[in-house]
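# Structure assessment
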Amino acid sequence: MSLSVALIGATGYTGLEVARLLTHHPHAELAIATARAEAGNPIASVHPSLAGRLDLKLEELDPVRIGKRCDVAMCCLPHAASAETVKQLVDVGVRVIDFSADFRLSSLSVYESWYGVKHPWPERVGKTVYGLPEFFAEQIAGADVVANPGCYPTSAILPLAPLIREGLIRGDDIIIDSKSGVSGAGRSAKVGTLYCETNESIAAYAVGCHRHQPEIEDLVGRIAGHEIEVLFTPHLTPMSRGILSTIYVRPSEGLAAESAGGSTAGGPTDAAVDRVMQCWRDCYADSPFVTPVDHLPATAHVAGTNYVQMSVRRSGERLVLLSAIDNLSKGASGAAVQNMNVMFGYDQQSGLG
């Protein structure tokens, strides 16, 4: 069986990445790609790199037509607009992987507070599976809607959640410093992402108010079973793609005592570092894309792939966790293909090797 896939909102970078990945997926093909302004034009007119690889015309969004032709839709629309479309697609029997934040959070009030809109499908908030197969594969397999994770949250949740769950680090003093390539800001023209604004420069943005902060807190808390607090600051860097997150945490009293042979004096030891690495290896032993490494991760090591590299160092009284992903792949489109594979019973690595 070959899956027929609809791509809703195909003109952005995530749309391009989905289309590119599906051109060599052994079990799925892109059947419909939608765009409002570009409807009627070949997809290669919007994404020239697809010329000769994908012969498909962009269409207006028609949920009924998609329901007749497609098994699954990947929805790359903005928040609020996405939820309305997702509901229409589900109503005609299409399973959906949603790229927006509309279904990621477990609290409707938190969503409406951070995003400043009334949710179009409020009864599904908190009842939609989060698309991290590393933790939720069983639920994803039977889901009609999967909330594809945010890119920054992916880079933070994967290193943090196992350590919080195992009681190895404190949950009340977590500092996340993340740096992203410019593609994370989307493809539409903005002054802040012009070449002359980003070249040879690095800048923080949305300090103290980035919408991925509640997503990180929500999901790590959900996985670990208790609330956490994070201080999250994103930065824009002069590269096309990739995210490097540097996360500063304090070892729990239990880890400090364990690694120091019963004494809690002083900072973390090499034994604490080893314990963190072992926790990750145990947690992700069956997760093909998450790789704890001894070297310091870099975005170049994972560029263009769905892989995550994570490592840890000690510094004073803190442990420093480092995580590198490709924001367009494991941070968006690659994660969606991985979720699709789980939903339809294929190997997680299909089309992503």
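Everything here concerns the structure above.
The text that follows walks through the structure, step by step, so that each part is easy to find. (Residues numbered from 1 in each chain as written. Predicted model: local features only at pLDDT ≥ 70, side-chain atom pairs only at ≥ 80, totals over all residues. Heavy atoms only, no water.)

### A look at the sheet that holds strand E7 (residues 145–147)
An order of E3-E2-E1-E4-E5-E7-E6 is seen for the seven strands of this open sheet, with the pairing classed as parallel. Every other strand in the sheet has two partners, leaving strand E3 (58–59) and strand E6 (129–130) as the edge strands with one partner each. (Pairing = 2+ DSSP bridges. Helix = DSSP H or I, 4+ residues; strand = E, 2+ residues; numbered from the N terminus.)

### What to know about helix H7 (residues 151–165)
Between its first and last C-alpha atoms H7 spans 22 Å; for 15 residues at 1.5 Å apiece the expected length is 21 Å, and the two agree. Of all bends in H7, the biggest is about 40°, found at isoleucine 157, and the proline proline 159 comes one to four residues later. Where burial is concerned, most of H7 is hidden: 14 out of the 15 residues are buried. Positive backbone phi, approximately 70°, marks glycine 167, located one or two places after H7. (Expected span 1.5 Å × (residues − 1). Bend = angle between axes of the 7 residues up to and from the residue. Buried < 20%, exposed > 50% of the residue type's maximum accessible area, 1.4 Å probe, protein only.)

### Re the packing of helix H6 (residues 133–141) against helix H13 (residues 329–343)
For the pair H6 and H13, the least separation of the axes is 9 Å and the interaxial angle reads 45°. Judged by the inter-axis angle, H6 sits oblique to H13. Seen along the crossing, H6 lies across H13 with a hand that is right-handed. Contact residues: H6 offers Pro133, Glu134, Ala137, Ile140 and Ala141, while H13 offers Lys330, Gln338, Asn339, Val342 and Met343. Tallied by class, the residues present in the contact of H6 with H13 amount to six nonpolar, two polar and two charged. (Axes fitted to C-alpha atoms, helices over the stretch in contact; angles between N-to-C directions. Parallel < 35°, antiparallel > 145°, perpendicular 65-115°, else oblique. Left-handed = near helix turned anticlockwise from the far one by under 90°. Contact = heavy atoms within 4.5 Å. Nonpolar A, V, L, I, M, F, W, Y, C, P; charged D, E, K, R; others polar.)

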